[in-house]
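So the chains spell out like this:
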Amino acid sequence: MKIKKGFTLRKVMTQNVILAEGTNADSFGKILTLNDSAAMLWNALIGKDFEADDAARLLTTTYNIPPQQAQEDAHYIINLMTEKGLLDQ
């Protein structure tokens, strides 16, 4: 999977906000905020093909959490991004 082109992560005040650009802006029509761990994943994975295992590894190494917890968190974040139309499968 891959993060779709046309979406940008910006820091607005203290919030990590996903903004749609170009044609995505017309159809997206919402503001999404990401917590710090989701924003870290976004920045690390943007422009790359990745799988849930890649995201879990990043969470494990960055936050020193157990692999099982990292897998659960990675799947949760990926499912949310998929639901919001931010990922190409």
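Conventions we followed
- Residues numbered from 1 in each chain as written.
- Predicted model: local features only at pLDDT ≥ 70, side-chain atom pairs only at ≥ 80, totals over all residues.
- Heavy atoms only, no water.
- Pairing = 2+ DSSP bridges.
- Helix = DSSP H or I, 4+ residues; strand = E, 2+ residues; numbered from the N terminus.
- Axes fitted to C-alpha atoms, helices over the stretch in contact; angles between N-to-C directions.
- Contact = heavy atoms within 4.5 Å.
- 1 Å grid on protein atoms, 1.4 Å probe; cavity = no way out; pocket = protein on both sides within 12 Å on 5 of 7 lines; lining within 4 Å.
- Points joined across faces, edges and corners; volume = space filled by probe spheres on them.
- Nonpolar A, V, L, I, M, F, W, Y, C, P; charged D, E, K, R; others polar.

K.L.:
Can you help me understand the sheet that holds strand β2 (residues 7–12) in this one?
P.N.:
Remark on secondary structure: sheet strands pair via backbone hydrogen bonds, oriented parallel or antiparallel. What the three strands build is an open sheet, ordered β2-β3-β4; its pairing is antiparallel. Looking along the sheet, the strands with just one partner apiece sit at the ends: β2 and β4 (32–34). Direction aside, neighbouring strands of the sheet carry axes that sit 35° apart on average. For strand β3 (residues 15–20) and β4, the ladder comprises three bridges, and the chain directions are antiparallel. Note on β4: the bridge partner recorded for Ile18 is Leu32. Where helix α2 (residues 36–45) meets the sheet, it contacts β2, β3 and β4, and its direction lies at approximately 135° from that of β2.

K.L.:
Please explain the environment of Leu9 as it appears in this structure.
P.N.:
With respect to the element layout, Leu9 can be found in strand β2. In this structure, the C-alpha to C-alpha distance between Leu9 and His75, residues 66 residues apart in sequence, is 20 Å. The residues contacting Leu9, other than those within four sequence positions of it, are Asn16, Val17, Ile18, Leu34, Ala39, Trp42 and Asn43.

K.L.:
Sorry, what's going on with the layout of surface pockets here?
P.N.:
Which parts of space are left empty comes out when a probe the size of a water molecule is rolled across the atoms. Of the voids in this model, the largest pocket is the one considered here, and its volume is about 250 Å³. Lining the largest pocket are 16 residues, with Leu34, Ala38, Tyr76, Ile77 and Leu80 sitting closest to its centre. Listing elements by their share of the lining of the largest pocket, those giving two or more residues are β4, α2, α3 (52–63) and α4 (67–83). Broken down by element, the residue count for the lining of the largest pocket peaks at five residues, all from α4. In terms of residue class, the lining of the largest pocket is built from 11 nonpolar, three polar and two charged.

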